[in-house]
Amino acid sequence: KKVSMASNREISSTEKLLNVIRGKAKAAPEEEPSSYRPVAPKKRKASPFSSLTPAFQRPATIGVDIGHQALQLVKVEESAVDQWRLVDFRRVPIPSTTARGTHEFTGFLKSELGKFCGPGKGLQLWNLMSSSKVDVRFIKIPKVPRKQLENAIYWTAKRELNFEDMDTILDFEVQNDVVEQGIKKTSVMVYTVPRREVEAVVELFNDAGYQLSGLAIAPFAIQNLFRTKWMPTYGETLASLYIGRDGARIDIYSRGSLILTRDIKTGMNSMVEALVEGYTDRKRPSTRELRWGGAPVDFTITPSQAYKLIMSLDPDAPALTPDDAGHDLTEEDIFDMVRPALDRLVRQVERTFANLGGEQVRRVYISGVVN
């Protein structure tokens, strides 16, 4: 989640962000789409998938995150008007023999939900889905009367996102009025998701005996934390950097509202690949050092070993043992090996920051894959 670099008054922004990623610089603590319109209707259908307004409308709300290796559950309750408290949290490893899409997995989910929240009646149940499955865009439409707003949004989104109505769920949030080259327009965030993705999740929970209240993606969930004042915005422009397995995501919030979200190809697997390559180069002896005879020596490290080595940098991670590959490496050694991947990530983040117009990011919240 989270060597040391030379202290330098001319330290570059790349170095600063690398320091934040490494945990050496002070950083702030660190995924719903939808209303399907086969034709642009005059009245919106109820969305099965929208957390743009705070997803806490009843006394007890359950959040579900089905990760690669673990099921994470959280419960919050309203303690006062617009005030919420964390009641319970649980992280349950998913059995390695329990494959997704099987009766065994459905049974596992049903059992764990039953233990955590009991019967599904009277609960708000929200599931976190991958943001990579949701296309979030920001569009501007001409200033129109309120009764024409949805049609204008629909046709503009249809033109710019080029989606198929029958296969897609569409929803939007009207943000604010802007003036562009002297013309009044309305800024709108629109987002689409393949209908089959939503239906698959809804069916899973139905089979487990629970009815979903909605779906969320991380950028909207974080936005809810800002809007419910669980996390302060300081009245500033903030960034959330999530480093996942196959890539990363940078989200920009202006005074608590999402204004940009962007996927980046460099993620944890890129760092693992860099470490595997760097480890081999570091450990391979020179021709002069090679000795003939004796047992062959393995100078390589597997991806799983490299991943464990990177995760060992977390102060809460179990200590490496002499049997672990790379146990003799220092933090400096590990960061030197993964630096090529980190440099690529930082450059993409910097490009994102540079394209924000007049907005200047003041704080960066960093999170990463944990299961």
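Participant: What should I look at first to understand the nonpolar core in this one?
Facilitator: Within soluble globular proteins, side chains that are nonpolar generally end up buried alongside one another. Counting residues in hydrophobic clusters, the biggest one holds 40 residues, and the most contacted among them are V64, I66, L71, L113 and F205. Broken down by secondary-structure element, the contributors of at least two residues to this core are β1 (60–66), β2 (70–80), α2 (103–117), β7 (183–194), α4 (195–207) and α5 (218–227). A total of 6 residues in this core trace back to one element, the largest contributor, which is α2. If near-sequence neighbours (up to four positions away) are discounted, V64 is found in contact with L71, Q72, L73, L113, L125, W126, N127, L128 and F205.

Participant: Is there a simple way to think about unusual backbone geometry in this case?
Facilitator: As a rule of thumb, non-glycine residues mostly have phi less than zero, and peptide bonds are mostly trans rather than cis. With a phi close to 55°, N162 is a non-glycine residue in the positive phi region. According to the relative accessible area criterion, N162 is exposed, its value standing at 66%. Positive phi, normally seen in glycine, also occurs at K229, with a value near 65°. Locating K229 in the fold gives a position in the loop between α5 and β9 (237–243). Exposure remark for K229: the relative accessible area of 73% places this residue in the exposed category.

Participant: Looking at this structure, how should I read the confidence of the model for the protein chain?
Facilitator: Any region with low pLDDT has predicted coordinates that should not be read closely. Taken over all residues, the pLDDT of the protein chain has a mean of 81, while the share at 70 or more is 79%. Counting contacts from residues 1–14, a segment whose pLDDT is below 50, to residues more than four positions away or on other chains yields 22 contacts. Long-range and interchain partners of residues 48–57, a stretch whose pLDDT sits below 50, account for 47 contacts in this model, where long-range means more than four residues apart.

Participant: Just to check I follow, could you spell out the packing of α2 against α4 for this structure?
Facilitator: In a packed pair of helices, the relevant descriptors are the angle between the two axes and the axis-to-axis distance. Their axes nearest at 9 Å, the elements α2 and α4 cross at an angle of 65°. Compared by their axis directions, α2 and α4 come out roughly perpendicular. Crossing handedness for the pair α2 and α4: right-handed. Contacts between α2 and α4 pair F105, T106, L109 and L113 from the former with L204, F205 and D207 from the latter. Of the residues that constitute the contact of α2 with α4, the class distribution is 5 nonpolar, 1 polar and 1 charged.

Participant: Whenever I open this one, the sheet that holds β7 confuses me. Can you help?
Facilitator: Neighbouring strands of a sheet are bound in pairs by backbone hydrogen bonds; such pairs are parallel or else antiparallel. The 3 strands are arranged β5-β7-β6 in an open sheet whose pairing can be described as antiparallel. Each of the sheet's edge strands pairs with one partner strand only, and the pair in question is β5 (135–142) and β6 (168–180). Neighbour to neighbour, the strand axes of the sheet diverge by 25° on average, direction disregarded. Examined bridge by bridge, β5 and β7 share 8 bridges and lie antiparallel to one another. Each bridged residue has a counterpart across the sheet, and for F138 the counterpart in β7 is M189.

Participant: For this particular structure, what's the right way to read the sheet that holds strand β4 (residues 124–128)?
Facilitator: Ordered by their spatial adjacency, 5 strands build an open sheet running β3-β2-β1-β4-β8, and the pairing between neighbours is mixed. The outermost strands of the open sheet, each flanked by one partner alone, are β3 (83–93) and β8 (214–216). Direction aside, the axes of adjacent strands within the sheet are offset by 25° on average. Relative to β8, β4 runs parallel, the two being bridged by 3 bridges. Each residue of the ladder has a partner; that of W126, found in β8, is G214. Across the face of the sheet, α2 comes into contact with β1, β2 and β3 while running at roughly 30° to β2.

Cut-offs used in this document
- Residues numbered from 1 in each chain as written.
- Predicted model: local features only at pLDDT ≥ 70, side-chain atom pairs only at ≥ 80, totals over all residues.
- Heavy atoms only, no water.
- Core = buried A, V, L, I, M, F, W, Y, C linked by side-chain atoms within 4.5 Å.
- Buried < 20%, exposed > 50% of the residue type's maximum accessible area, 1.4 Å probe, protein only.
- Helix = DSSP H or I, 4+ residues; strand = E, 2+ residues; numbered from the N terminus.
- Contact = heavy atoms within 4.5 Å.
- pLDDT = per-residue confidence, 0-100.
- Axes fitted to C-alpha atoms, helices over the stretch in contact; angles between N-to-C directions.
- Parallel < 35°, antiparallel > 145°, perpendicular 65-115°, else oblique.
- Left-handed = near helix turned anticlockwise from the far one by under 90°.
- Nonpolar A, V, L, I, M, F, W, Y, C, P; charged D, E, K, R; others polar.
- Pairing = 2+ DSSP bridges.

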